[in-house]
Every structure is written in structure tokens, then in C-alpha cells.
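Coordinate inspection notes
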Amino acid sequence: KPLTLRFDVSTTPTFVKEVRVKVPMEYSYEQTEETAGSKVTKVLKAVRRVTKFHYDVELEWSLSIYSGTSVDERTVLVSNKSSSVIVKQAKESSRLRISPRSYELPLTWLLKQVNLDDMASQFKVDTSRESTKTPRRNDDVDEAIVFSGRLSSWIGQIHTGLYGSLAQIEGQHDPALEKDRRGSNMSDV
């Protein structure tokens, strides 16, 4: 039966709280008052009131393996959950969600190259075939290169998809106060 390695990822944003804050603006003006012969100068700073919306964004991923088409009966090899608080100035969470995504890699060719008794590679070039020209120009090496390309592509898809989505989520972090702009830790996954 064919064996497939599968990477699943998704995020779930949960609204946590809404907070009203006063944000100091760069503008200020002086107001001078005279009372009983003395002058008092006050510096008034402008502030704006902003509502901040806090979301807890949970990232969940897993690496699993399954046989044939039995995706529902897969065995999870490793998984993890992490979360980060994202603060926005708009109450909208749809862009904080990564729809569940799956990336699959067929392992059948690779597992045919392993001797299960001693867990050692049994890859070899069949030199008796007429199609074998050189140690590089033959069907066995071509199949290994194809598998290597699929593995590289699979890793690239996961990297691009996962980190691209996390960058999109992290880009949503838009707190009103400068001290909160240090960012979330979504990219620490």
C-alpha cells in the first residue's frame, strides 16, 4: 500500500477583549493665563481615543502518516499548538485565520529503498538493464532525483505557506500605543 507523509496547519483566532486607550499625539499647544499679576503657562497635549481589540490566535500543526487513502486513520508523529496575542484597531478577525491546509508527500518510493530487517538503505543501480548508461544516467538514479525534487518541493510549500500565512497574521498586529508595537511571537513557531 502507498504511504503518505502529511503536514496539517490551521489557526483559530479568539476574541479576548476590547480596550479604550488614549493615544498621545505629536501636537501640543501652550496656553497662558494671567491671574493677579502672574502668568501661568500650561502645555496641553492632544490625545485621541482609540479602541484596541485583542485576539488570541492559536496555531496548530501536525505531521502524520497514513496508508492508502485512509487519511482519517492517520498516525500523528508530532504535533504542536502555540498562541500569540494580536492587537488590532479594527474588530475583524477573518484575516487572522488560516484555513486548514494540508501538504502531502508520497513515501512509497523511499520506503522501497529500505531493508526493514536492519533498517538500512538497499538502494542500488541495476547495471544489468540496457537503459543503464552510466552511474548517473539510469532509471534508478532518475527515480531518486524525482523523489528528492518532490521532497524539496513539499518542504518549500510548507515553508512558503506557513511562514507566508504567519507573516500575514503578524502584519495584522496594529496596537494603538507605541509601547505595544514590539509585535507578537507568531514567527517563533
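Placed above this text is the structure.
What comes next is a walk through the structure. These numbers were taken from a predicted model, which means no experiment stands behind them.

From N to C terminus, the protein chain includes two helices and six strands. The order of helices and strands in the protein chain, counted from the N terminus, is β-β-β-β-α-β-β-α. Taken along the three principal axes of its C-alpha coordinates, the protein chain extends 110 × 40 × 25 Å. In the protein chain, the share of contacts with a sequence separation of at least 24, taken over all contacts with a separation of at least 6, comes to 70%. Per element, the accessible surface of the protein chain, about 12,700 Å² overall, is 50% carbon and sulfur. Averaging the positions of the 28 positive and the 26 negative side-chain charges in the protein chain gives two centres separated by 7 Å.

The subject of this paragraph is the packing of aromatic side chains. Both the distance between ring centres and the angle between the ring planes are used here to describe each pair of aromatic rings. Counted under the stated rule, the structure contains five aromatic pairs. Relative to Tyr103, the ring of Phe7 has its centre 6.5 Å away and its plane inclined at 40 degrees; by these criteria the two rings are tilted. Here Phe7 is found in strand E1 (residues 3–35), whereas its partner Tyr103 is found in strand E4 (residues 101–106), with 96 residues between them in sequence. Take Phe7 and Tyr103: they sit in the same class, and that class is buried.

Before going further, it helps to spend a moment on the nonpolar core. Phe7, Val9, Leu59, Tyr103, Leu105, Trp154 and Leu162 are the most contacted members of the largest nonpolar core, which totals 14 residues. Taken together, the elements giving at least two residues each to this core come down to E1, strand E2 (38–67), E4 and helix H2 (139–170). Excluding residues within four positions of it along the chain, Phe7 makes contact with Trp61, Ser62, Leu63, Arg101, Ser102, Tyr103, Trp154, Ile158 and Leu162.

Basis of the calculations
- Residues numbered from 1 in each chain as written.
- Predicted model: local features only at pLDDT ≥ 70, side-chain atom pairs only at ≥ 80, totals over all residues.
- Heavy atoms only, no water.
- Helix = DSSP H or I, 4+ residues; strand = E, 2+ residues; numbered from the N terminus.
- Contact = heavy atoms within 4.5 Å.
- Areas by Shrake-Rupley, 256 points an atom, 1.4 Å probe, with all protein chains shown as cover.
- Lys, Arg positive; Asp, Glu negative; His and termini not counted.
- Charge placed at Lys NZ, Arg CZ, Asp CG, Glu CD.
- Phe/Tyr/Trp six-rings, centres within 6.5 Å; stacked < 30°, edge-to-face > 60°.
- Buried < 20%, exposed > 50% of the residue type's maximum accessible area, 1.4 Å probe, protein only.
- Core = buried A, V, L, I, M, F, W, Y, C linked by side-chain atoms within 4.5 Å.

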